[in-house]
Amino acid sequence: MTSEPSFGACGRCWQDVSRDSQACRAMGQLYHHSCFTCSVCSQLLQQQPFYSVSDQLFCEDHFMHSQVHYSKETCDSCGFLIKDTVLQAFGYCYHPACFCCVVCLQSLEGTQFCLDSENRVYCLKDYYRYIAPACATCGLPILPAQGSLVTERVVSMDRDYHVDCFHQGTEVVFKS
């Protein structure tokens, strides 16, 4: 009785890989074609990006969503690993496409933006529309003057005012 010649043991199941088996070699090990799969979803890994961590194989999607990768550069918006350009703002890392307004989803890479009190990011237009304080006298939003980035306002007794509205609505009473 003759046995089939073996090329070696499979790196996953440790069974012999015979001449009649479909097999591949990766990371210096031999694998049955059906054993060279993602440890999470069992997707075949031949001819696509894969990652090996602690003797486990991962497809790219599961590697990016797992806590097994060693990079500290994961996007604070989507949670994926950042492999190319890292945009950093306020100590957080983002993919450039993920750094966007929470209202209109416009990318804010290279543009001016504002944060609300919960550190959510807004384009200027949406910040002024939804977040800017309203004047207690006239009810209009308090915005920077045309061409300026600085908002001037008066805060008195926990109420916000345009500078001009505060002076108009204030009566000065002198007591003797």
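Read on for a plain summary of the structure.

Rules behind the numbers
Here the residue numbers are simple positions, counted from 1 along each chain's written sequence. In view of the model being predicted, local features appear only for residues whose pLDDT reaches at least 70, and side-chain atom pairs are presented and counted only at 80 or more, with totals across whole chains, interfaces and linings using the full set of residues. Excluded from the side-chain calculation are hydrogens and water; included are all heavy atoms of the structure. Strands here mean DSSP runs of E at least two residues long; helices mean DSSP runs of H or I at least four residues long; both are numbered from the N terminus. Only heavy atoms matter for contacts: two residues are in contact if any of them lie within 4.5 Å across the pair. Only protein chains enter the area calculation, which uses a 1.4 Å probe; residues under 20% of their type maximum are buried, those over 50% are exposed, and those in between are partly exposed. Here, the term nonpolar core denotes a set of buried Ala, Val, Leu, Ile, Met, Phe, Trp, Tyr and Cys residues that are joined through side-chain atoms within 4.5 Å. Each Phe, Tyr or Trp ring, with Trp reduced to its six-membered ring, pairs with another whose centre is within 6.5 Å; inter-plane angles below 30 degrees give stacked pairs, above 60 give edge-to-face pairs, and intermediate values give tilted ones.

**A word on the side chain of His95**
Among the structural elements, His95 can be located in the loop between strand E8 (92-94) and strand E9 (113-115). What His95 contacts, discounting residues up to four positions off in sequence, is Cys75, Cys78, Phe80, Leu81, Ile82 and Thr85.

**Concerning the environment of Asp16**
Relative to the helices and strands, Asp16 resides in strand E2 (residues 16-18). Asp16 gets classed as exposed once you look at its relative accessible area, which sits at 53%. Sequence separation between Asp16 and Pro5 is 11 residues, and the spatial gap between their C-alpha atoms is 9.0 Å. What Asp16 contacts, discounting residues up to four positions off in sequence, is Ser6, Gly8, Ala9 and His32.

**Some remarks on the nonpolar core**
Ranked by size, the top nonpolar core spans 17 residues in total, and within it Tyr94, Phe99 and Leu108 carry the most contacts. The element best represented in this core is strand E10 (residues 121-123), accounting for 3 residues. Counting residues in each nonpolar core, the second largest holds 12 residues, with Val17, Ala26, Tyr31 and Cys35 among its members.

**What to know about the packing of aromatic side chains**
With the rule as written, the count across this model stands at 7 aromatic pairs. Measuring from ring centre to ring centre gives 5.0 Å for Tyr94 and Phe99, while their planes differ by 55°; the resulting arrangement is tilted. With relative accessibility at 2%, the residue Phe99 sits in the buried group. Here the aromatic cluster, defined as three or more aromatic residues joined through ring pairs, consists of Tyr31, Phe36 and Phe50.

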